[in-house]
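Summary of structural features
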Amino acid sequence: MDIRFHAPLSTKEQLTFGLDAPQPLALADKVRFAELDPLNHVNNKAYIEWFETLRVSYFDNLCAFCYDGMEAPRLVIRNANIYYIREMVMGEIYVATARVTNFRNTSFTIEQQLWSGDLRATLTGVMVTLRPDGSGRYPLPQKLRDAFIKRDGATAEG
């Protein structure tokens, strides 16, 4: 199967790869030798890096425009829970996905998945927006809140 690497995948590409439902952002890549541990499967640290890369891409591609004319926030992860489902090995092609499930005034919960034929790992994390100088929390712009609802199907909390 041909799949584009390092570029947002279309709905059709996501479904063709085997995802159970298309997500707002999905990126494909391939397991590299440097990501293996001595047992020749992907080191847990690699999953964390893949999810982090995807979170940055999610913000850059789907959120940053909502801060047009404003200073961009500092985006920090408050907590994250990773669930490892099945190991991955050298050369496997995978697709990492991201969507926001809910949000508050200055934070949001992001759900990420890793697919390679089937679901291999998930991450659920709470992201907090801080003022650019780090002096305190930075409220989510209404444009971003609206995008979370319309694009991701997220719900407002609090």
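Residues numbered from 1 in each chain as written. Predicted model: local features only at pLDDT ≥ 70, side-chain atom pairs only at ≥ 80, totals over all residues. Heavy atoms only, no water.

**Some words on the environment of Lys30**
One can find Lys30 in strand S1 (residues 25-30). In contact with Lys30, not counting residues within four places along its chain, are Phe5, Glu35, Gly91, Glu92, Ile93 and Tyr94. (Helix = DSSP H or I, 4+ residues; strand = E, 2+ residues; numbered from the N terminus. Contact = heavy atoms within 4.5 Å.)

**A look at the pattern of salt bridges**
In this structure the tally under the stated criterion is nine salt bridges. A salt bridge links Asp29 to Arg32, with the shortest nitrogen-to-oxygen separation between them at 3.1 Å. With a closest N to O distance of 2.9 Å, Glu92 and Arg120 form a salt bridge. Of this pair, Glu92 sits in the loop between strand S2 (74-84) and strand S3 (93-103) while Arg120 sits in strand S5 (residues 119-130), and the two are 28 residues apart along the sequence. Just as Glu92 is buried, Arg120 falls in that class too. Salt bridges sharing partners connect three or more residues here, namely Arg86, Glu92, Asp118 and Arg120. (Salt bridge = Lys/Arg side-chain N within 4 Å of Asp/Glu carboxyl O. Buried < 20%, exposed > 50% of the residue type's maximum accessible area, 1.4 Å probe, protein only.)

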